[in-house]
Amino acid sequence: MTTSSDKKLRSQAWFGKMNKDGFIHRSWMKNQGLPHHLFDGRPVIGICNTWSELTPCNAHFRELAEYVKKGVYEAGGFPVEFPVMSLGESNLRPTAMLFRNLASMDVEESIRANPIDGVVLLMGCDKTTPALMMGAASCNLPTIGVSGGPMLNGRYKGRSIGSGTGVWQMSEEVRAGKIDIEEFISAESCMNRSRGHCMTMGTASSMASMVEALGMSLTHNAAIPAVDARRQVLAHMSGRRIVEMVREDLTMDKVLTRQAFENAIRVNAAIGGSTNAVVHLLAIAGRIGVQLTLEDWDSLGSSVPCLLNLQPSGEYLMEDFYYAGGLPAVIREMGSLIHRDALTVSGSTLGEHTSDAPCYDRKVILPISAPLKDKAGIAVLKGNLAPDGAIIKPSASTPSLLVHRGRAVVFESVEDLHERINDEALDIDESCVMVLKGAGPKGYPGFAEVGNMPLPPKVLRKGISDMVRISDGRMSGTAYGTVVLHVSPEAALGGPLALVQSGDMIELDVPNRRLHLDVSDEEMERRRALWSAPVRPARGWYKIYVDHVQQAHLGADLDLLVGASGAAVPRDSH
Ligand code: FES
């Protein structure tokens, strides 16, 4: 293994020069009170921080960064914290996903353009994790992930409520007339009551688990609550470890191998993880140069059982998960489903970290012999309605709806849905298939989490809580239902979804992985001749994004960002 003694650190191209340029690089840094010896050739560690008061899930990251710095100093490194674009899921419109690739560019260029030898990624809220992983992967320096940790369990009227999942449940109860709006609003301050990200197994917790399963963090990164002092210890130890990683030249590509992605896909099934992990892992793989396809999700993960009894698939929350043993206990339980010799950032293998991992609560982490759900991974559907694929999470679906033929009720946009869904005159019942267009990467734009459409009140009043829903959008990781997502190509690109009309018959057959629109080819051609593409944005990021974003089955990255550029030192500016 190469060591720093035989490989010159890239930061020395800035700080190691005894000329005008070196003077400029060091002198301005010294205005922060930094002593001269910090520029002596020790590893410079960039702490990539997504702190923002507009990203409440990451609002504690300035403090967390201080613990990373302690570890970096302790190991003989030089920490430098820098901000990157932060993506707050609960505030950003039209959707935080519109900005994932933009934030990843910020991360990539900030790392490459600066005197940095190794990187610590501070990430938490949904899109911050993939954005930072993608950007860092394009640079491929030694890199370690530190997640911000989940919030404490929500507590309301003596019971646990999960962020996201509780909102969907209670808002449907309001629409069904079961609870009033005052009770709904009173749950606000009880649901999200500590620092940290959503504490269900939503996208943030899923992606924190992916980081750990990929080997990109120290053990227990996924589940330690944000307010638990052991989260700060993890940050401290990660700061120590990244300095060693620079000395060992342990770059990201040595950890993010095909084996690592296979492990992550299977772990996502075993934890009942988010459907959003599909697009994020495809995009990260694309950056680091690992061949990963949408079909891999089905062939590798669909038969894996769910071992974790966490909302939205089950009952408990992330705090319970940590106390039960965390992700190492799940990975140990997965046995031969895991490549145990996959390398992690610790320098040891995933198997070494998990082979003795204890489980303290079998109600939360179930044995593989008696799982929470069988065959819990993502199923990939194909057919004339989704030639390039669509996905469904059977474990979050109603079993009796997994094979279903129904009459389409089409909504041309989210606005159309909101305008008509509460109309008692809407011609719809529970046997219908709800279809939403215009929610894909180019169409929304930004690939919104609107696929779990609300059900019509007249269906809810019958006590029915699920219907087949199909869209080119995504779904919150905290949501559930028989929801077909990520239909590709999307409607805005003229995919077959664009041509569906209310009254058409649609067949969903998950066991046979089929999504079929029962309309003749001739009729589809007739409709296609009448179809016109939506007007594209004219300027700025929206234009760049819509012109270059790839379809869902490829990970929705920009075509010009796939692949990596490494971290060669750019030319000087002086
Ligand atoms: Fe940030 Fe859920 S809103 S993780």
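See the structure printed just above.
These notes cover the structure that comes with them.

Parameters and conventions
- Residues numbered from 1 in each chain as written.
- Predicted model: local features only at pLDDT ≥ 70, side-chain atom pairs only at ≥ 80, totals over all residues.
- Heavy atoms only, no water.
- Phe/Tyr/Trp six-rings, centres within 6.5 Å; stacked < 30°, edge-to-face > 60°.
- Helix = DSSP H or I, 4+ residues; strand = E, 2+ residues; numbered from the N terminus.
- Buried < 20%, exposed > 50% of the residue type's maximum accessible area, 1.4 Å probe, protein only.
- Polar contact = N/O pair within 3.5 Å; in protein donor to acceptor, adjacent residues only side chain to side chain.
- Contact = heavy atoms within 4.5 Å.
- Axes fitted to C-alpha atoms, helices over the stretch in contact; angles between N-to-C directions.
- Left-handed = near helix turned anticlockwise from the far one by under 90°.
- Nonpolar A, V, L, I, M, F, W, Y, C, P; charged D, E, K, R; others polar.

## Remarks on the packing of aromatic side chains
Thinking step 1. For the structure on display, the rule yields five aromatic pairs.
Thinking step 2. An angle of 35° between the planes, with centres 6.3 Å apart, marks the rings of Phe15 and Phe78 as tilted. Of the two residues, Phe15 sits in helix H1 (residues 12-15) while Phe78 sits in strand E2 (residues 78-83), which places them 63 residues apart along the sequence. Pair check on accessibility: Phe15 and Phe78 agree, each one buried.
Thinking step 3. Measuring from ring centre to ring centre gives 5.9 Å for Trp541 and Tyr545, while their planes differ by 55°; the resulting arrangement is tilted.

## Brief notes about the side chain of Ser397
Thinking step 1. Structurally, Ser397 can be placed in the loop between strand E8 (386-392) and strand E9 (403-411).
Thinking step 2. Reaching out from Ser397, the side chain makes a polar contact with the backbone oxygen of Gly481 at a distance of 3.4 Å.
Thinking step 3. Once residues within four sequence positions are removed from consideration, Ser397 is found in contact with Ile392, Leu402, Asp466, Gly481 and Thr482.

## Quick word on the packing of helix H12 (residues 258-270) against helix H14 (residues 294-301)
Thinking step 1. One way to put it is that H12 packs onto H14 with a least axis distance of 9 Å and a crossing angle of 65°. For H12 against H14, the interelement crossing comes out right-handed. Counted together, Arg258, Glu262, Ile265, Arg266, Asn268 and Ala269 of H12 and Asp296, Trp297, Leu300 and Gly301 of H14 form the full contact between these two elements.
Thinking step 2. Looking at the contact of H12 with H14 residue by residue, the classes come out as four nonpolar, two polar and four charged.

## A few points about helix H9 (residues 203-213)
Thinking step 1. Burial runs high along H9: 11 of the 11 residues are buried.
Thinking step 2. Turning to H9, its buried residues are Thr203, Ala204, Ser205, Ser206, Met207, Ala208, Ser209, Met210, Val211, Glu212 and Ala213.
Thinking step 3. Once H9 ends, the next one or two residues include Gly215, with phi positive near 85°.

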